[in-house]
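Spelled out from the first residue to the last, the chains are:
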Amino acid sequence: MVVVLKQNAPLEKRNALISEIETMGVKVQVTEGTETSILGLVGDTSHLNEFRISSNEIVANILRVQEPFKKANKMFKPDDTIIEVAGRKIGEGYFSVITGPCSVESEEQIESIAKEVKDNGATFLRGGAYKPRTSPYAFQGLGLEGLEYLKHAKEKTGLPIVSEIMSVGMVEKFVEDVDIIQVGARNMQNFVLLKELGKTSKPILLKRGLAATIEEWLMSAEYILNEGNGNVIMCERGIRTFETYTRNTLDLSSILVVKKLSHLPVIVDPSHATGKAWMVEAMSKAAVVAGADGVLIEVHNNPALALCDGQQSITPEQFSKLMGKIRTLVELEGKKLEG
Ligand code: PEP
Ligand code: MN
């Protein structure tokens, strides 16, 4: 339930109303909007005396939130969430390019790619140190060594870093080492992990699950938000459908749905969505004009020899050309390319 307060409602009256509602057994989240303040009621609101609340002199309106996600809901927080990471803004009005190889393979590899993408205006450097592979025999990532190489690349280029976490035991290390923690598609419903990440204040890039509905994806964001971490970035990376030509099916319409239903930023990953390097440029351009707040693109200096996801990785030269197009389209959308 959402209680919209009248403009300029006096603070002491507002606090009294909050206490009154809390004695009815639900939690209250206050959101200061540009126009008015909103009280978001979380918990079992079915037994609440709605009439008693609406009769309060400072209450303008009461709305029932139908969706199961509350803190991720735009009704709870009408203003878009803008997340600031290392001086870069992620959210409505801004555009981020998160890029790098699928996995960190060596110090030279990550540093040379980092330098090339930085020179072409990337916003963040991304590389996997731990890889969730379908086969246990496939390259699993360099682990801690990979994280060290990423940090060196950050020192050398100034690019903030993004990397994927695999389990709860890694939370402390990732909070210390990276600027944005990625939760991969396979962990989207690892609720224990989501809760632990919710107790931190690190920005979390939450990928959509392999076969998750938009509501399930937003419910996963809710797990993080509910623990107090409001810095959630949604990442559409394609979903499983009956189509087999592409690795997944890129659901561009989810950008519009998530932005309509929630206040969270949405990034699109055309690399994992298509699985094909030659489709990355067109789908990146489509993501910009469909309203995404950024893209996540895999770049490798030698895709044919990549230890992971080479077939969907573009080269630094292709990335440079793509950045030119992205720049034009971002400007056309009236947004600012962060970098
Ligand atoms: C990745 O980002 O490299 C990755 C494994 O992606 P996803 O979780 O979307 O499959
Ligand atoms: Mn990958």
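It should be emphasised that the depicted structure is a prediction, and the values quoted were computed from it without experimental measurement. (Residues numbered from 1 in each chain as written. Chains lettered and ligands numbered in written order. Predicted model: local features only at pLDDT ≥ 70, side-chain atom pairs only at ≥ 80, totals over all residues. Heavy atoms only, no water.)

Draft legend 1. Structural context of the environment of glycine 339. Note that glycine 339 resides in the segment after β15 (336-337). Spatially, the C-alpha atom of glycine 339 lies 22 Å from that of valine 104, the residues being 235 residues apart in sequence. (Helix = DSSP H or I, 4+ residues; strand = E, 2+ residues; numbered from the N terminus.)

Draft legend 2. Spatial organisation of unusual backbone geometry. For alanine 86, which is not a glycine, the phi torsion comes out positive at approximately 45 degrees. With respect to the helices and strands, the residue alanine 86 is situated in the loop between β5 (83-85) and β6 (88-90). Residue classification places alanine 86 among the partly exposed positions, given a relative accessible area of 47%. (Buried < 20%, exposed > 50% of the residue type's maximum accessible area, 1.4 Å probe, protein only.)

Draft legend 3. Examining helix α8 (residues 253-261) more closely. Where α8 is concerned, the buried positions are Ser254, Ile255, Val258 and Lys259. Across the axial projection of α8, the buried residues extend over an arc of 130 degrees, all falling on one side. In α8, the exposed positions angled more than 90 degrees off the buried face are occupied by Leu256 and Lys260. Against the buried residues of α8 lie α7 (214-226), β12 (232-236), β13 (266-268) and α10 (277-289). (Arc of directions from axis to C-beta. Contact = heavy atoms within 4.5 Å.)

Draft legend 4. The arrangement of the sheet that holds strand β3 (residues 37-42) in detail. Here we have four strands laid out as an open sheet, ordered β2-β3-β1-β4, and antiparallel in their pairing. Looking along the sheet, the strands with just one partner apiece sit at the ends: β2 (27-32) and β4 (59-63). Adjacent strand axes in the sheet meet at a mean angle of 20 degrees, parallel and antiparallel pairs treated alike. Here strand β1 (residues 2-5) pairs with β4 via four bridges, running antiparallel. (Pairing = 2+ DSSP bridges. Axes fitted to C-alpha atoms, helices over the stretch in contact; angles between N-to-C directions.)

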